[in-house]
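Structural features, examined
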Amino acid sequence: MKALPRIEAVYLKIDKVLEEERSKANPPEALRIEAQQVLNDQAYYVLCWRQLESEIDDVCRGAIRKRRASGDWHVRRARYLYNPDDKKLSGLSFEDRVALVLDKEANEKYSPGKRTMAHYGTRNEIAHGTLKLTRIDVSAFMRDCFAIQAALYRAA
């Protein structure tokens, strides 16, 4: 996720240019520019999502390796089902990877696990062709990514 600040800087620069153009445009042109902003938001959302997903994968691999190395069979037994060196983490779904490193069932309404899964739903909609009709606050999403990252390292 080291690239997120650079990604955000480019996103904000492009969005500022589009916003300036939109503010000077006639109504039909302003609508066209706003549609570009909506699409740009989604493109950056998916780009940022991949940074978060990669971080979750890395922490998941580390958690599997750590528990496999335990001297206590009760700690390591289930971890042999997962190969941390497998590119796809032994076929673990994203939901299962999250479950290994974040509490998806936490009682807090906005727990990192719940936020991760909510963002995953949005990511899936966009990546599978259901584009949003309204803007996404990409900067707020990036702040969420860093909060989720912090929770990942507390849990690891």
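Whatever comes next refers back to the structure up there.
Here we summarise the structure given alongside this text. Residue positions are given per chain, counting from 1 as you read along its sequence in written order. Local features in this predicted model are restricted to residues of pLDDT 70 or higher, and side-chain atom pairs are both shown and tallied only at a pLDDT of 80 or more, whereas totals for entire chains, interfaces and linings draw on every residue. Calculated side-chain values reflect all of the structure's heavy atoms, with hydrogen atoms and water omitted.

Attention shifts here to the packing of aromatic side chains. A pair of aromatic rings is counted whenever rings of Phe, Tyr or Trp (Trp by its six-membered ring) have centres within 6.5 Å, and the orientation is called stacked for planes under 30 degrees apart, edge-to-face for over 60 and tilted otherwise. The final tally for this structure, using the stated rule, is five aromatic pairs. Each ring, one from tyrosine 45 and one from phenylalanine 141, has its centre 4.1 Å from the other, and the planes form 25°; the classification is stacked. Taken together, the positions of tyrosine 45 in helix α2 (residues 27–68) and phenylalanine 141 in helix α6 (residues 138–155) put the pair 96 residues apart, joining distant regions of the chain. Per-residue accessibility, obtained with a 1.4 Å probe over protein chains only, is compared with the maximum for each type, and a residue is labelled buried under 20%, exposed over 50%, and partly exposed between these values. Residue class for tyrosine 45 comes out buried when judged on its relative accessible area of 2%. On the basis of relative accessibility, which here comes to 2%, the residue phenylalanine 141 falls in the buried class. An aromatic cluster is present here, built from Trp49, Phe94 and Tyr120 joined pairwise through their rings. The secondary structure listing takes helices from DSSP runs of H or I that are at least 4 residues long and strands from runs of E that are at least 2 residues long, numbered from the N terminus.

Here the focus is the environment of glutamine 37. Relative to the helices and strands, glutamine 37 is located in helix α2. Expressed as a C-alpha distance, the spacing of glutamine 37 and isoleucine 136, which sit 99 residues apart in the sequence, is 9.3 Å.

Below, the discussion takes up the state of the cysteines. Any pair of cysteine sulfurs within 2.5 Å is marked as a disulfide. Enumeration over the complete set of coordinates arrives at zero disulfides. We note that cysteine 60 lacks a disulfide partner, and the nearest cysteine sulfur, in cysteine 145, lies 17 Å from it. Among the residues examined, cysteine 60 registers a relative accessible area of 0% and is labelled buried. In this model cysteine 145 remains outside any disulfide bridge; the closest cysteine sulfur is found in cysteine 48, 6.2 Å from its own.

Further remarks concern the side chain of threonine 116. Within the element layout of this structure, threonine 116 appears in helix α5 (residues 112–127). The class for threonine 116 is buried, based on a relative accessible area of 0%. Residue contacts are counted whenever heavy atoms from the two residues lie within 4.5 Å of one another. Filtering out sequence-adjacent residues up to four positions away, threonine 116 remains in contact with Trp49, Ile56, Phe94, Val98, Leu102 and Ile148.

It is worth spelling out the environment of leucine 52 at this point. Within the fold, leucine 52 resides in helix α2. Residue leucine 52 is classed as buried on the basis of its relative accessible area of 0%. Expressed as a C-alpha distance, the spacing of leucine 52 and threonine 116, which sit 64 residues apart in the sequence, is 9.0 Å. Sequence-distant contacts of leucine 52, that is, excluding residues within four places in its chain, are made with Met1, Cys145 and Ile148.

Before going further, it helps to examine the packing of α2 against α6. All axes are obtained by fitting lines to C-alpha atoms, using only the stretch in contact for helices, and the reported angles, taken between N-to-C directions, cover 0 to 180 degrees. For the pair α2 and α6, interaxial distance at closest approach is 10 Å and the crossing angle is 0°. The orientation of α2 with respect to α6, classified from their angle, is roughly parallel. Side by side, α2 and α6 meet where Asp41, Tyr44, Tyr45, Cys48, Trp49, Leu52, Glu55, Ile56, Val59 and Arg67 of the first sit next to Val138, Phe141, Met142, Cys145, Ile148, Gln149, Leu152, Tyr153 and Ala155 of the second. Looking at side-chain class alone, the contact of α2 with α6 contains 15 nonpolar, one polar and three charged residues. Any angle that falls under 35 degrees is termed roughly parallel, while one over 145 is termed roughly antiparallel, one within 65 to 115 roughly perpendicular, and all others oblique. Charged means Asp, Glu, Lys or Arg here, nonpolar means Ala, Val, Leu, Ile, Met, Phe, Trp, Tyr, Cys or Pro, and polar covers whatever is left, Gly included.

As a further point, take the pattern of salt bridges. By convention in these notes, a salt bridge is any Lys or Arg side-chain nitrogen within 4 Å of a carboxyl oxygen on Asp or Glu. Inspection of every chain in the model, using the stated rule, returns ten salt bridges. Here arginine 32 and glutamate 29 are joined by a salt bridge, their closest N and O atoms 2.3 Å apart. Placement of the pair is arginine 32 and glutamate 29 together in helix α2, with a separation of three residues, close to one helical turn. Overall, arginine 32 belongs to the partly exposed group, its relative accessible area being 40%. Across the pair aspartate 41 and arginine 135 runs a salt bridge whose closest N-O atoms are separated by 2.8 Å.

Glancing now at α2. In a regular helix each residue adds 1.5 Å, so 42 residues correspond to 62 Å; α2 covers 61 Å between its end C-alpha atoms and thus fits that length. By the N-cap criterion, in which a side-chain oxygen at the helix start approaches the backbone nitrogen of a residue two or three places on, α2 is capped by asparagine 26, the distance to glutamate 29 being 2.9 Å. What a helix should span is 1.5 Å times the count of its residues minus one. Counted as a polar contact is a pair of N or O atoms within 3.5 Å, where, for protein atoms, one must be capable of donating a hydrogen and the other of accepting one, and residues adjacent in sequence contribute only when both atoms are in side chains.

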